[in-house]
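Below, each chain spelled out in residue letters.
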Amino acid sequence: VELVCDRSTFEQIVNDLNLKQPEWTPSNEDVDLNEGEGDENANNNGADEAEEVNKLKNEMYSVDVQKLPNAFPHDFEKDDDSNFHIDFLTVATNLRAWNYDIKESPRHTVKVTAGKIIPALATTTAMVCGLVNIEFCKLVLGLQSSKGRDVFLNSNINLAAGSGNFTTFSPDPPVVLKTGLKAPYPESFSSWDKVDIFASNRGTEWSVEQLVSNIETSFGVKVDRILEFGSTDALYNAVDKQKLNWEISFDEGGKPVVSDGVFTRWPNIRMAVQMLNRLPPTSGQRKMFEKQLNTTKLALDKTKESFMDTFQGPVSKAYRNVYRPKDEEPEKQEYFDKVFGNINYFSFQIDCHQEGVEEDIHLPRVKYMFSRQNDYCGEEDEEDEEDEVHAMKRSRIEN
């Protein structure tokens, strides 16, 4: 067929062929529905398939390759519409889309995508991946310990200049951050530093209370919050611990005794407290305000109980309760459970302060490592850790 480059002419040729999809009619041959049953049928089917394969081979061998036209390779050029490269890619893309019932791609989208992919695959991506893998090989060989950081290199490749320049140089040292602490505590650290905490003893792990206590003892600080590194939700918050000291009660004279912190959490009871201080013991209106105060006291007791359950429970359980996605996101829950069930460490950010010191305190990232005893991804966990002895094997800043 003679090459046709004009689209309208091509469409006219196709229309003149009057191509039609033949109507399907069922075959008159008997169909054996018991496929694969019986040795005789299986042997017959195998013989028929072998005969068809041999027939196709003979047809291919009978082709005179000398009469085939020569094929000439093309250099891909997306901006030349006369070569039909983008048209071919568009057709091939949409044939696959129709076959798998996925979204079709318009021609201009294929053109933009093809223009980005081809050079990336051939040059930049391949070079960068290769350079990164070289640096990984250095880590695997442990060169950071034997030869130091000088063997690790950054690379600069300017493909746009077309000069083939390839420059390597030693990376800048990591930025040093001040902790705000004084000796003997660490006074500085970098983003590459971390605090390793091995919290494991006889197959158990630490409670949140023990983790907080260890950090406070090791660095001479007061922990305000413990968060998953990069998250804004706190696994532990010192504000919640302060609620253990809150009190709602009545003295011998029937007057309410309420801690100031209670009003920050339940401001609506302030009026009830004021009215109970004013009303005489014989007033019938006192019952309404006493009921309101008792309801708030019940809520405070539950808050304390919930905090202590978390505070004295294992860190992994507290982590799961805080960071596991909600029931409205079942796919994210499934992914979380799969990952959570196979890890034995968490990465924490510590917000803290030092009493009597105005300067902000900053600690490196904490890598909390533990050994699992119970699987908290499934049903309700059994708590039998009262008699367990938890001990930290080591806690250090590792460069």
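Before reading on, note that the structure itself is shown above.
All values reported here derive from a predicted model rather than from experimental measurement.

A. Region of interest: the packing of aromatic side chains. Per the counting criterion, the structure on display carries 14 aromatic pairs. Judged by centre distance (5.7 Å) and plane angle (25 degrees), the ring pair of Tyr368 and Phe370 falls under stacked. With relative accessibility at 0%, the residue Tyr368 sits in the buried group. Within the aromatic cluster, the residues linked to one another by ring pairs are Tyr319, Tyr323, Phe336, Phe340, Phe346, Phe348, Tyr368 and Phe370. Its guanidinium or amino end placed over the ring of Phe263, Arg270 lies 4.4 Å from that ring's centre, counting from NZ or CZ. The positively charged end of Lys367 is found above the aromatic ring belonging to Tyr345, 4.9 Å away from the centroid.

B. Fine view of the pattern of salt bridges. For the structure shown, the criterion picks out eleven salt bridges. Its salt-bridge partner being Arg107, residue Asp81 comes within 3.1 Å of it at the nearest N-O pair. Of the two residues, Asp81 is situated in the loop between α2 (39–61) and α3 (85–100) and Arg107 in helix α4 (residues 107–140); the sequence distance between them amounts to 26 residues. The exposure class of Asp81 is partly exposed, given its relative accessible area of 42%. With a shortest N-O distance of 3.3 Å, Asp87 and Arg107 are connected by a salt bridge. Here Arg107 lies in helix α4 and Asp87 lies in helix α3, a separation of 20 residues in the sequence. Among the residues examined, Asp87 registers a relative accessible area of 13% and is labelled buried. Arg107 gets classed as partly exposed once you look at its relative accessible area, which sits at 29%. Through salt bridges with shared partners, a single ionic network connects Asp81, Asp87 and Arg107.

Analysis parameters
Residues numbered from 1 in each chain as written. Predicted model: local features only at pLDDT ≥ 70, side-chain atom pairs only at ≥ 80, totals over all residues. Heavy atoms only, no water. Phe/Tyr/Trp six-rings, centres within 6.5 Å; stacked < 30°, edge-to-face > 60°. Buried < 20%, exposed > 50% of the residue type's maximum accessible area, 1.4 Å probe, protein only. Lys NZ or Arg CZ within 6 Å of the ring centre and 35° of its normal. Salt bridge = Lys/Arg side-chain N within 4 Å of Asp/Glu carboxyl O. Helix = DSSP H or I, 4+ residues; strand = E, 2+ residues; numbered from the N terminus.

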